[in-house]
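# Residue-level structure breakdown
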Amino acid sequence: MWIKRLTTFFTDAYNNPSTKTILLVLYYLAIIAGLIAMYGKGDFSTAKFVYQGF
Amino acid sequence: MKRTPHLTAGVASVILLVAGMTGFNYYAGSLESKYIHALGSLDLQQTRNGIALQQAAFQQPDLLPIYGSSEITMVDTPYQANIFFDTYPSGFAAIDIANLGMSSITMAQNLAAVGPAIRGKKVVISITPAPFTMGALSEQYYAGNYTRLHAYEMIYSPYLSLDTKSAAAKRMLEFPATLQADPFLKLTLSALNRPSPVRLFYYIAWPFGELQTIVMRLQDHAAVIAYLQSHPLRAEVSRQPRAIDWPGTLAAASQEQKLHTLNNPYGVEDTKWKNYQQLLANPIIPGSGDSRFVRNVQGAREWDDLKILLGVLRELGAKPLILSRPMNVHLWEALGVSEQAQNTFYTKLQDVSAPYNVLVVDYREYGTDIYFSIDQAAHTSRKGWVHVDQTLDDFFHGRIQQP
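Only a predicted model underlies this, so the values are computations on that prediction, with no experimental measurement involved. (Residues numbered from 1 in each chain as written. Chains lettered and ligands numbered in written order. Predicted model: local features only at pLDDT ≥ 70, side-chain atom pairs only at ≥ 80, totals over all residues.)

### Notes on the overall build of chain A
Looking only at helices and strands, one finds two helices and zero strands in chain A. Taken over the C-alpha trace, chain A has a radius of gyration of 24 Å; the compact-globule value for 54 residues is 10 Å, which it surpasses by more than 25%. Projecting the C-alpha coordinates of chain A onto the three principal axes gives extents of approximately 75 × 25 × 5 Å. Across the 54 residues that make up chain A, the buried fraction comes to 4%. (Helix = DSSP H or I, 4+ residues; strand = E, 2+ residues; numbered from the N terminus. Rg over C-alpha atoms; globule rule 2.2 N^0.38 Å. Buried ≥ 20, exposed ≤ 12 C-beta atoms within 10 Å, placed from the backbone.)

So, in structure tokens, the structure goes:
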């Protein structure tokens, strides 16, 4: 029963243009957030070397 | 009206993303400014390899950034500027942006990356005669100090002339190992180094390069914030103004230095003397190394890199002090290079720096003081550091005049 109600709620919400846009914005932002979480960490390390003076 | 929900949502997402990034940028900047005094003395890799903390340092009126190489980091002593001025005895602290093997081209990239934050600001460029007299820049040293962020910032900088960027690009292409994983940058460098119409590719690539640079800047901020979250710090630092007793400090450092040079007559640090024993085992004819030395100095690629560095400083409007070190005269003489030949270094340094109208201190008068440096490469000794500290103090307080 509650699944049906939830489905109806989302179907109604998606059919409403404003709500649909908001949901899409949230969806896109979630994708961007995921990408940032996966690739957002920079690598500032440098190659290792042994200093042997001049 | 045609309904375009995806387009509207896409545009709204981009606007929100840009707003979020801008907010993050300001938040990170304010944190960095707040903690830079505490972070500056920690010798963090992120300070050297990023730019956020360097920019924050330049914003502070009581921090003096020093860019340099092994002469800054090699001798572990309380006379090192970043330790000596740690408690702001005369109103400022020195912050090191230095690493072993760092050369003029790396410093140029670093400062180009800092960008307009250095306009009108004092900055110290520490150099030694070594890379100008003792061989070419090693690819390993360059790679060991190379960061992608600095390279991108320099090449896509809107604040530098095309001539300066082209000269830098030409030099960067000589170290292909650093570009191996970055074909986009390599292609841009090649295009920048060619005449039109190939150079057109540089302009086409520019927006993409700039976008990549923005991403790396944000990552740099994120790295600083992550460090602050994992290492809770107090933003306040101890400040103990006092009159510095320079003669007393110099006498103490001199005495201490002598205790570290007991096994040779040239003032070489005891631990380094074994490197020279073999070289000096057989008699060397005085002046026998002059022609080779002069040839090396005249032809050193490091001068070209220094010109790029001085060009960057001029175009960004910085107020630099070029702080060289003296030739270790007696040791070089023992190795067959006369003092007259050694003076080629000072002459060339003056010739190269004169067009840029910068302050240059070369300590030539201390060349015969065997306790100023610890070796042939003029790495600064404890005693040498006191002279350097005094120069830094004079520079910060405007007591060194333009030539």
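Here the narrative resumes.
### Regarding the overall build of chain B
Across its full length, chain B holds 19 helices and five strands. For 403 residues, the compact-globule estimate of 2.2 N^0.38 gives 22 Å, and chain B sits close to it at 23 Å. Principal-axis analysis of the C-alpha atoms gives chain B an extent of 95 × 55 × 40 Å. A buried classification covers 44% of the 403 residues belonging to chain B. Across chain B, every contact between residues at least 6 apart in sequence was considered, and the portion connecting residues at least 24 apart equals 81%. (Contact = placed C-beta atoms within 7 Å.)

### Description of the packing of helix α6 (residues 104-114) of chain B against helix α16 (residues 302-316) of chain B
Residues and elements named next belong to chain B. Packing of α6 against α16 brings their axes to within 8 Å, and their N-to-C directions diverge by 15°. With respect to α16, the element α6 is oriented roughly parallel. Crossing handedness for the pair α6 and α16: left-handed. Within the contact between the two elements, α6 uses Ser104, Ile105, Met107, Ala108, Leu111 and Ala112 and α16 uses Glu302, Asp305, Leu306, Ile308, Leu309, Val312, Leu313 and Leu316. Of the residues assigned to the contact of α6 with α16, the class counts are eleven nonpolar, one polar and two charged. (Axes fitted to C-alpha atoms, helices over the stretch in contact; angles between N-to-C directions. Parallel < 35°, antiparallel > 145°, perpendicular 65-115°, else oblique. Left-handed = near helix turned anticlockwise from the far one by under 90°. Nonpolar A, V, L, I, M, F, W, Y, C, P; charged D, E, K, R; others polar.)

### Overview of the nonpolar core
Counting 100 residues, the largest nonpolar core has Ile66, Leu111, Val124 and Ile125 of chain B as the members making the most contacts within it. Dropping the residues within four chain positions of it, Ile66 of chain B is found in contact with Ile72, Ala81, Ala94, Ile95, Asp96, Ile97, Ala98, Val124 and Ser126 of chain B. (Core = buried A, V, L, I, M, F, W, Y, C linked by C-beta atoms within 7 Å.)

### Structural notes on unusual backbone geometry
Of note, Asp43 of chain B is a non-glycine position whose phi angle comes to about 50°, a positive value. Relative to the helices and strands, Asp43 of chain B resides in the loop between α1 (5-40) and α2 (45-49).

### A look at α6 of chain B
Residues and elements named next belong to chain B. Judged by how many residues are buried, α6 sits mostly within the fold: eleven of eleven residues are covered. When we look at burial in α6, the residues that qualify are Ser104, Ile105, Thr106, Met107, Ala108, Gln109, Asn110, Leu111, Ala112, Ala113 and Val114. One or two residues past the end of α6 sits Gly115, with phi positive at roughly 70°.

### Some remarks on the pairing of strand β4 (residues 319-323) of chain B
Residue and element names in this part refer to chain B. Of all five residues making up β4, four are buried, and the element is well covered by its neighbours. Sheet topology note: the strand β3 (residues 122-126)/β4 ladder contains five bridges and is parallel. Directly across from Ser126, in β4, lies its bridge partner Leu323. The sheet contact formed by β4 and strand β5 (residues 359-361) spans three bridges and is parallel. Across the sheet, the residue bridging to Ile322 is Val360, located in β5. (Pairing = 2+ DSSP bridges.)

### Thoughts on the environment of Arg301 of chain B
Residues and elements named next belong to chain B. Looking at the element boundaries, Arg301 is found in the loop between α15 (290-299) and α16. The spacing of Arg301 and Val337 is 36 residues in sequence and 21 Å in space, taken between C-alpha atoms. When near neighbours in sequence (up to four residues on either side) are disregarded, Arg301 contacts Ala136 and Leu137.

### Some words on the sheet that holds β3 of chain B
Residue and element names in this part refer to chain B. On the basis of which strands lie adjacent, the open sheet formed by five strands has the order β2-β1-β3-β4-β5 and parallel pairing. Two strands lie at the open edges of the sheet, namely β2 (93-98) and β5, each paired on one side alone. The sheet shows a mean angle of 25° between the axes of neighbouring strands, direction not considered. Bridge count between strand β1 (residues 63-68) and β3: two bridges; the pairing is parallel. Bridge pairing in β3 places Tyr67 opposite Ile125.

### Re the environment of Ser126 of chain B
Here Ser126 of chain B shows up in strand β3. For Ser126 of chain B, a count of 25 C-beta atoms within 10 Å puts it in the buried group.

### With respect to the environment of Gln52 of chain A
Tracing the backbone shows Gln52 of chain A in the segment after α2 (17-39). Once the C-alpha coordinates of Gln52 of chain A and Thr8 of chain A are considered, the two residues, 44 residues apart in sequence, prove to be 72 Å apart.

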